[in-house]
Amino acid sequence: MQTFDLYAERYDLWYELPFGSSAYSLEVECLKRLYEPVGLSIEVGVGSGRFAWALGVVYGVDTSLALLRKAKERGIKVVKARAEALPFKDGVFQSLFMVVSLCFFDKPAEALLEARRVLRKDGKLLLGLVLSESPWADFYRQKARQGHPLYSLAKFYSYGELGEMLTLAGFKVSRVMTTLFEEPQDAEPVKNREIREGFHADGGFFCLMATPTISAGA
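A brief structural summary. Since this is a predicted model, take the numbers as computed values, not measurements. (Residues numbered from 1 in each chain as written. Predicted model: local features only at pLDDT ≥ 70, side-chain atom pairs only at ≥ 80, totals over all residues. Heavy atoms only, no water.)

### Thoughts on the sheet that holds strand E8 (residues 205-212)
In space, the eight strands of this open sheet follow the order E3-E2-E1-E4-E5-E8-E6-E7, with mixed pairing throughout. A strand with exactly one partner marks an edge of an open sheet, and here the two such strands are strand E3 (77-80) and strand E7 (195-197). For this sheet the average axis-to-axis angle between neighbouring strands, irrespective of direction, equals 20°. The sheet contact formed by strand E4 (residues 93-99) and strand E5 (residues 119-129) spans six bridges and is parallel. Each bridged residue has a counterpart across the sheet, and for methionine 98 the counterpart in E5 is leucine 127. (Pairing = 2+ DSSP bridges. Helix = DSSP H or I, 4+ residues; strand = E, 2+ residues; numbered from the N terminus. Axes fitted to C-alpha atoms, helices over the stretch in contact; angles between N-to-C directions.)

See below:
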């Protein structure tokens, strides 16, 4: 059984703790500023479905059956599949989300290529993630060194690395938002609710919207 199946309950309950609940609502607000809910939508790496539910996303894909069961309970149409091999036809979706999931994918570049394939030509890729320049990435790396079962699986990419992967997959970044501007911790509710336009390395959570270019890279 994979790690996310073993820790599905712990993962989902994090969103109800004082810090998790407040960070989650702020992250949803950040993503909503980039999202126009039109057409068919999907979240790849849907987890327990909390983000998909809050954003009104229809479909959810994940490899963890335990988390997919929770997402289904939240009304998401779930499919068990890897991000690198989506079981959908070309050009099906108007919007595709990857929220706090890219860092866990085995082959993120391939996952982005698959996202490009299943998106419409006028579709939108929406990412929500922690980037390696952020002090929050260091905070989570420290937790990984202390043996945290989930953060130990995460790999954080820089803004430049992410941009390069997106370009090679056939995307261009069209808008970026940053939030979570405070000292890293995971016990108390988030106090600073500011969301800024653009990439700010001192933030903790980054929301990016990318659009397909004329043709995908090799």
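Back to the text.
### Remarks on the pairing of E3
Two faces make up the sheet, and in a regular strand the side chains alternate between them. In the sheet, strand E2 (residues 59-62) pairs with E3 via four bridges, with the strands oriented parallel. Residue pairing in the sheet places glycine 60 in a bridge with valine 78 of E3. Read as a crossover between parallel neighbours, the route from E2 over helix H5 (residues 65-73) to E3 is right-handed. (Right-handed = clockwise from strand over helix to strand, strands pointing away.)

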